[in-house]
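Fold and contact review
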Amino acid sequence: MKCQSITIFIVLCLINCIYAANKSVTQHLTYPLPKFNIIPNSLSISGLSSGAYMAVQFQIAFSKSIKGVGVFAGGPYYCSVSDFATANAACMKVPSMINLNNIKQKILTFESSNLIDPIVNVKKHLIYLFSGTKDYIVFPDVMKKLNQQYIESFNVNDKQIVSDFNVPASHAMVTNNYGNKCDYFGSPYINNCNLDGALKTLQTIYPTFKPNSISPNPDSFFTFSQSNSYNATSFDDVGFIYIPKDCQQGRECMVHVVIHGCTQGKSFIGDVYAQHAGYLEYAEANQLILLFPQVKAYGGINVNPNGCWDWWGYTGKDFYATNKGPQMAAIKNMLADLGVDI
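So, a few notes on the structure that sits alongside this text.

The rules behind each value
- Residues numbered from 1 in each chain as written.
- Predicted model: local features only at pLDDT ≥ 70, side-chain atom pairs only at ≥ 80, totals over all residues.
- Heavy atoms only, no water.
- Helix = DSSP H or I, 4+ residues; strand = E, 2+ residues; numbered from the N terminus.
- Rg over C-alpha atoms; globule rule 2.2 N^0.38 Å.
- Buried < 20%, exposed > 50% of the residue type's maximum accessible area, 1.4 Å probe, protein only.
- Contact = heavy atoms within 4.5 Å.
- Areas by Shrake-Rupley, 256 points an atom, 1.4 Å probe, with all protein chains shown as cover.
- Lys, Arg positive; Asp, Glu negative; His and termini not counted.
- Charge placed at Lys NZ, Arg CZ, Asp CG, Glu CD.
- Disulfide = S-S within 2.5 Å.
- Core = buried A, V, L, I, M, F, W, Y, C linked by side-chain atoms within 4.5 Å.
- Axes fitted to C-alpha atoms, helices over the stretch in contact; angles between N-to-C directions.
- Parallel < 35°, antiparallel > 145°, perpendicular 65-115°, else oblique.
- Left-handed = near helix turned anticlockwise from the far one by under 90°.
- Polar contact = N/O pair within 3.5 Å; in protein donor to acceptor, adjacent residues only side chain to side chain.
- Pairing = 2+ DSSP bridges.
- Nonpolar A, V, L, I, M, F, W, Y, C, P; charged D, E, K, R; others polar.
- Right-handed = clockwise from strand over helix to strand, strands pointing away.
- Salt bridge = Lys/Arg side-chain N within 4 Å of Asp/Glu carboxyl O.

**A short note on the overall build of the protein chain**
Each helix and strand counted, the protein chain has eleven helices and twelve strands in total. Computed over its C-alpha atoms, the radius of gyration of the protein chain comes to 21 Å, within 12% of the 20 Å expected for a compact globule of 342 residues. By the burial criterion, 54% of the 342 residues in the protein chain qualify as buried. Relative to all contacts within the protein chain whose residues are 6 or more apart in sequence, the contacts with residues 24 or more apart total 73%. On the protein chain, roughly 14400 Å² of surface is accessible, and the fraction owed to carbon and sulfur atoms is 53%. In the protein chain, which carries 24 positive and 22 negative side-chain charges, the distance between the mean positions of the two groups comes to 2 Å.

**Topic: the state of the cysteines**
A complete count under the given rule lists four disulfides for this structure. There is a disulfide in this structure between cysteine 182 and cysteine 193, and the S-S distance comes to 2.1 Å. Classification of the bridge connecting cysteine 182 and cysteine 193 rests on its S-S torsion, roughly 100°, and on that basis the disulfide is right-handed. In this pair, cysteine 182 sits in the loop between strand S7 (180–181) and strand S8 (190–192) while cysteine 193 sits in the loop between S8 and helix H6 (197–205), placing the two residues eleven residues apart along the sequence.

**Digging into the nonpolar core**
Looking at soluble globular proteins, one finds that nonpolar side chains tend to be buried together. Judged by nonpolar contacts, the single largest core of 74 residues is most densely connected at Tyr150, Ile241 and Leu335. Counting 35 residues, the second-largest nonpolar core is a separate cluster that includes Ile190, Tyr206, Ala283 and Phe292.

**Considerations on the packing of helix H2 (residues 50–61) against helix H11 (residues 326–338)**
Interhelical geometry of H2 versus H11 gives an angle of 70° and a closest axis separation of 11 Å. Considered as vectors, H2 and H11 are oriented roughly perpendicular to each other. Between H2 and H11 the crossing geometry is right-handed. On H11, the residues touching Met54, Gln57, Phe58 and Ala61 of H2 are Gln327, Met328, Ile331, Lys332 and Leu335.

**Overview of the side chain of histidine 171**
Along the polypeptide, histidine 171 turns up in the loop between strand S5 (161–164) and strand S6 (173–175). A distance of 2.8 Å separates polar atoms of two side chains, one belonging to histidine 171 and the other to serine 49. For histidine 171, the side chain forms a polar contact with the side chain of aspartate 135, separated by 2.9 Å. Beyond its immediate chain neighbours, meaning those up to four positions away, histidine 171 contacts Ser49, Ala73, Asp135, Ile137, Val138, Phe185 and Tyr189.

**Points about the sheet that holds strand S10 (residues 238–242)**
Either a parallel or an antiparallel arrangement is found when strands of a sheet pair, and the pairing is made through backbone hydrogen bonds. Spatial strand order, S1-S9-S10-S12-S11-S2-S3-S4-S5: nine strands in an open sheet with mixed pairing. Of all strands in the sheet, those bounded by a partner on one side alone are strand S1 (27–29) and S5. Pairs of neighbouring strands in the sheet enclose a mean axial angle of 20°, with direction left out of account. Two elements, S10 and strand S12 (residues 288–292), share three bridges in a ladder whose sense is antiparallel. Bridge assignment links isoleucine 241 to a residue of S12, and that residue is leucine 291. Running over the sheet, helix H5 (residues 140–152) touches strand S3 (66–72), strand S4 (126–130) and S5 and is turned about 165° from S4.

**Some details on the packing of helix H4 (residues 100–112) against H5**
Running from amino to carboxyl end, H4 crosses H5 at an angle of 50°, the nearest separation of the two axes being 11 Å. Relative to H5, the element H4 lies oblique. In this structure, the crossing between H4 and H5 has a hand that is right-handed. Counting all contacts with H4, which are made through Leu100, Ile103, Lys104 and Ile107, the residues of H5 involved are Lys145, Gln148, Gln149 and Glu152. Looking at the contact of H4 with H5, its residues break down into three nonpolar, two polar and three charged.

**Things to note about the pairing of strand S2 (residues 38–48)**
Across the eleven residues of S2, eight count as buried, placing the element largely inside the fold. Of the pairings in the sheet, the one linking S2 to strand S11 (residues 253–259) comprises six bridges and is parallel in character. Its bridge partner lying in S11, serine 44 is registered against histidine 256. Once the chain exits S2 it traverses H2 before rejoining the sheet at S3, and the crossover so formed is right-handed.

**Considerations on the pattern of salt bridges**
Under the defined criterion, the tally for this structure stands at four salt bridges. In this structure, the salt-bridge partner of lysine 200 is aspartate 164, at a minimum N-O distance of 2.7 Å. One end of the pair, lysine 200, is in helix H6; the other, aspartate 164, is in strand S5, with 36 residues separating them in the sequence. On the accessibility criterion, lysine 200 (26% relative accessible area) is partly exposed. For aspartate 164, a relative accessible area of 16% translates into the label buried. With a shortest N-O distance of 3.2 Å, arginine 251 and aspartate 246 are connected by a salt bridge. The partly exposed category is assigned to aspartate 246, whose relative accessible area is 25%.

Given below as structure tokens:
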């Protein structure tokens, strides 16, 4: 009788373990994404490294629809001027080579050709900038060039820009509760610097944003198909999205796009960046939908071996930084289907 009881106990434990494992499996959304009740003019975007360059490109191309941006270890809009060598030198380590006046002329050409929204919109944006003093991949002075570009080329009031340039961080997304040591350089490029970069970004963009940290709800985290109009060169098959319960039930919600850096996409580290970059904790309390599009390695060593976003022209040198850019258009399509006016 005792053995029978033990057997039943073991079986029940196994059933509970199987149930728990099944509950932890991420739910999947097929194409297209469902439409939600999105608050007008509530869209924002942030990114790290190549994702930071992509975030700035998206901000400028779709400035009419953007409320603000967070930029971690990136640089000026159209910094590479469609040249890989310039991207690797000027836009990462030699900011004295960045000619903002020449870039401004290209911006005006894009604007006159309707390849980006009117740049007058940018001066209304709220902006957060971060660069670590121990970042030896994208030097802090490159980020300072972006700060200069916002003020001189886009007429942004410096009071609308919040910057953190004095933290001894390496090249990474910074948090206050997860990751490697602050000055460590290495995967997954998320470092604990006692600074909540995600919260600083969101509070800068949304002045009434609640700092309430709530454990993410597993039932709110999904993968989704990056197929059809959500697909572009170097895109992974799926992306991630967090949809708070209030949003699922019809409440008005905001949307923030999070763009990972090189070697941080799903094919490299799974959902680590989406889960631990620091954004999910604030989604439920603020009715904030978080969209995490994903790219992967493409084309071998000569194209995009590290799964970076296109900020130098590997998807096509003419339009990658504009509203005609394949990756830009794919993200726009995702947002439009979610209910964003873009």
